[in-house]
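Here is how the chains run, residue by residue.
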Amino acid sequence: MPTTLSELQTFKAEFFRALAHPVRIRILEVLRAGPQTVQQLQQALDLDQPSVSQHLAVLRARQLVVASKSGNAVVYDVRDVLIHDLLATARTIFNRRLTDTQDMLKELARESRRTR
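In short, a report on the structure. Only a predicted model underlies this, so the values are computations on that prediction, with no experimental measurement involved.

The rules behind each value
- Residues numbered from 1 in each chain as written.
- Predicted model: local features only at pLDDT ≥ 70, side-chain atom pairs only at ≥ 80, totals over all residues.
- Heavy atoms only, no water.
- Pairing = 2+ DSSP bridges.
- Helix = DSSP H or I, 4+ residues; strand = E, 2+ residues; numbered from the N terminus.
- Contact = heavy atoms within 4.5 Å.
- Axes fitted to C-alpha atoms, helices over the stretch in contact; angles between N-to-C directions.
- Core = buried A, V, L, I, M, F, W, Y, C linked by side-chain atoms within 4.5 Å.
- Buried < 20%, exposed > 50% of the residue type's maximum accessible area, 1.4 Å probe, protein only.
- 1 Å grid on protein atoms, 1.4 Å probe; cavity = no way out; pocket = protein on both sides within 12 Å on 5 of 7 lines; lining within 4 Å.
- Points joined across faces, edges and corners; volume = space filled by probe spheres on them.
- Nonpolar A, V, L, I, M, F, W, Y, C, P; charged D, E, K, R; others polar.

### A few points about the sheet that holds strand β1 (residues 36-37)
- Ordered in space as β1-β3-β2, the 3 strands form an open sheet in which the pairing is antiparallel. The sheet is open, and its two edges are formed by β1 and β2 (65-70), each paired on a single side.
- As judged from the 2 bridges shared by β1 and strand β3 (residues 73-78), these two strands associate in the antiparallel manner. If you follow Thr37 over to β3, its bridge partner there is Val75.
- Sitting on the sheet, helix α2 (residues 22-31) is in contact with β1, β2 and β3, with an inclination near 95° to β3.

### Some details on the nonpolar core
- One finds Ile27, Leu28, Leu41, Leu56 and Val65 to be the most contacted residues of the largest nonpolar core, which totals 19 residues.
- Take this core: its biggest share by element is 5 residues, from α2.
- Those residues in contact with Ile27, other than ones at most four positions away along the chain, are Leu41, Leu45, Val52, His55, Leu56 and Leu59.

### Observations regarding the layout of surface pockets
- Of the voids in this model, the largest pocket is the one considered here, and its volume is about 260 Å³.
- Every residue lining the largest pocket is listed: Phe11, Glu14, Phe15, Ala61, Arg62, Gln63, Leu64, Arg79, Asp80, Leu82 and Ile83.
- For the lining of the largest pocket, the secondary-structure elements that each account for two or more residues are α1 (5-18) and α5 (82-114).
- The biggest single contributor to the lining of the largest pocket is α1, with 3 residues.
- Of the residues assigned to the lining of the largest pocket, the class counts are 6 nonpolar, 1 polar and 4 charged.

Next up, the structure:
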């Protein structure tokens with residue numbers, strides 16, 4: 001049975017909801033360097049273990065990261081490397097917005113000087 005538009009939109013919304021927290025974004029950014037243990041993520045993020053584990057659980061539930069055993073440690077990695085492209089695209093969009101804002105601020109400053 002084909003997925004209805006509503007089911008597809010719900011799936012997309014849940015995917016983006018998993019990304020809707022700064023710690024989860026930062027975890028994915030740290031994982032760009034490669035697989036990491038919870039302890040390594042804790043150190044990189046300067047957060048406690050329960051907080052990192054809670055965010056990893058959300059990312060795992062939405063299948064954005066995968067966990068595997070390496071000896072006694074659990075190692076996390078992104079499930080699909082395209083997530084890095086998605087985050088890079090988002091950075092480009094934000095950069096453009098900031099550039100536009102900077103341009104507007106410069107114009108505002110020029111306008112302010114002309115009206116003095």
